[in-house]
Amino acid sequence: MSDATPPEPGPDFDAMTRDIAEVPAVEVIVTVAVNLMSAAAVKLGLTEEGDAHKDLDEARKLVHALAGLLDASTTEISSFHAAPLRDGLKSLQLAFREASLVPDEPGQGPGEKYTGPVYG
């Protein structure tokens, strides 16, 4: 009789694949967008912890990626989904501009390549 506990089974990749196959593309796109928004908010210091996780370089990358995703998926997701995501993106872009010691020129901020200049 052995005292060793049996190893826990690894993730069931077949079940995970079946699960993701049942998710509509719009839901995947919106989920990714919300995750990018959340991560950008953390990196902008907009959470309860404030500056503890603030990193504007990382925030710039996340906001830019979010803008690219929304631009690329405009025709794929309905305005029902797109409108609040665009509003959130604009809020993040404005927060980035406010947090920057040396703000970017209009049209040069994160994601503005896709959205055009963002003004308050």
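Residues numbered from 1 in each chain as written. Predicted model: local features only at pLDDT ≥ 70, side-chain atom pairs only at ≥ 80, totals over all residues. Heavy atoms only, no water.

By the naming in an unreviewed UniProt entry, the protein chain goes by DUF1844 domain-containing protein and is assigned to Streptomyces thermolilacinus SPC6.

Asker: Sorry, what's going on with the confidence of the model for the protein chain here?
Answerer: Residues shown with low pLDDT carry predicted positions that ought not to be read at fine detail. Scored by pLDDT, the protein chain has a mean of 90; 95% of the residues are at 70 or more. At the level of individual helices and strands, the protein chain shows its lowest average pLDDT in helix α1 (residues 13-21), which scores 76, and its highest in helix α3 (residues 56-72), which scores 98. (pLDDT = per-residue confidence, 0-100. Helix = DSSP H or I, 4+ residues; strand = E, 2+ residues; numbered from the N terminus.)

Asker: Looking at this structure, how should I read the packing of helix α2 (residues 25-43) against helix α4 (residues 79-99)?
Answerer: Two measures define how a pair of helices packs: the angle their axes make with one another and the distance between the axes. Where α2 contacts α4, the two axes come as close as 11 Å, and the packing angle between them is 15°. The orientation of α2 relative to α4 falls into the category roughly parallel. As for the relative orientation of α2 and α4, their crossing is left-handed in sense. Here Val26, Val30, Ala33, Val34, Met37, Ala40 and Ala41 of α2 come into contact with α4, specifically with His81, Leu85, Gly88, Leu89 and Leu92. Each residue belonging to the contact of α2 with α4 can be placed in one class, and the counts come to 10 nonpolar, two polar and no charged. (Axes fitted to C-alpha atoms, helices over the stretch in contact; angles between N-to-C directions. Parallel < 35°, antiparallel > 145°, perpendicular 65-115°, else oblique. Left-handed = near helix turned anticlockwise from the far one by under 90°. Contact = heavy atoms within 4.5 Å. Nonpolar A, V, L, I, M, F, W, Y, C, P; charged D, E, K, R; others polar.)

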